[in-house]
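Each chain is listed here by its residues.
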Amino acid sequence: MHAKEMLDKAVKIIARQDTDRDLMLFFMNTARRAIIRDKDITKFQQTLFAVPHVSGTIDFAALNIKGVKVVEYDNGTDKRTLVKLENYATARKYYSNFARTGRPEHYFEQGTKLQVLPVPAAGTINLVAEVWPVDLADSVTSTDITTTEIPEAWIYLAVAEYFDYFDEGDKGNYWRQKGSVLVEQYIAQLNAQETYGVSNMVHPYFREEYMRGDY
């Protein structure tokens, strides 16, 4: 389902001639981001190839990345997953010079940055990451994995926020509950599939042994 159709359905639920589509769209995008912020949904993760970096530093904000799950170094003949170091202090115990180049072995995160160590002199860095979705637009071409998989959830949650905005809390709570139930059922279904070995990443790439058990 594309975003325009989702907005059309939300407007029908509100059933008012003066419904503000722009405001509804804002609430729909807000609801999507809130769910993705609070939940770890494997289906919304992506494999990013040849991620740009500056001296081994990757900027999450520039790439719209929420969080990284796996970091891989690939020089064409040597593919290896990098080991995550706990923090800056731990990284310093291993590396006195973060600018040293070589074959990458580790990485650590600090704020919105990820540092690969040693700095790769050649090859590329690939990531499995949670990526914030691009905001939906009131258009038939506006669609992504979130609108394809559970469009009704975003419709109901947007409607809930719309009713709340106009001080109709009872109606808002009703639609919020319906949307939240769909989200929880969706996550439970994905978790069940993962239990039975079904890969739910958007672009499956890394071998299973690359994925840490706590992810």
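These notes cover the structure that comes with them.

Thresholds applied
Residues numbered from 1 in each chain as written. Predicted model: local features only at pLDDT ≥ 70, side-chain atom pairs only at ≥ 80, totals over all residues. Heavy atoms only, no water. Helix = DSSP H or I, 4+ residues; strand = E, 2+ residues; numbered from the N terminus. Lys, Arg positive; Asp, Glu negative; His and termini not counted. Charge placed at Lys NZ, Arg CZ, Asp CG, Glu CD. Pairing = 2+ DSSP bridges. Axes fitted to C-alpha atoms, helices over the stretch in contact; angles between N-to-C directions. Core = buried A, V, L, I, M, F, W, Y, C linked by side-chain atoms within 4.5 Å. Buried < 20%, exposed > 50% of the residue type's maximum accessible area, 1.4 Å probe, protein only. Contact = heavy atoms within 4.5 Å. Polar contact = N/O pair within 3.5 Å; in protein donor to acceptor, adjacent residues only side chain to side chain.

What follows deals with the overall build of the protein. Of the regular secondary structure elements, the protein holds 7 helices and 10 strands. In terms of principal-axis extent, the alpha carbons of the protein reach across some 65 × 35 × 30 Å. Where the 25 positive side-chain charges of the protein centre and where its 30 negative ones centre are 4 Å apart.

Turning our eyes to something else, we now look at the sheet that holds strand β1 (residues 45-48). An order of β1-β10-β3-β4 is seen for the 4 strands of this open sheet, with the pairing classed as antiparallel. Both outer strands of the open sheet, β1 and β4 (79-81), are each paired with one neighbouring strand and no more. With strand direction ignored, the average angle separating the axes of adjacent strands in the sheet is 25 degrees.

Counting residues in hydrophobic clusters, the biggest one holds 33 residues, and the most contacted among them are M24, M28, I41, W154, V159 and V183. Within the residue set of this core, elements represented by two or more residues are α1 (3-14), α2 (21-38), α6 (151-165) and α7 (169-195). Per element, the largest residue contribution to this core is 10 residues, and it comes from α6. Discounting residues that sit within four places of it in the chain, M28 has contacts with M6, L7, L136, W154, I155 and A158.

Summarising the element assignment, R32 is placed in helix α2. Residue R32 is classed as buried on the basis of its relative accessible area, which comes to 1%. At 2.8 Å, the side chain of R32 forms a polar contact with the backbone oxygen of V134. Not counting chain neighbours up to four residues away, the residues in contact with R32 comprise P133, V134, D135, L136, D144, T146, T147 and W154.

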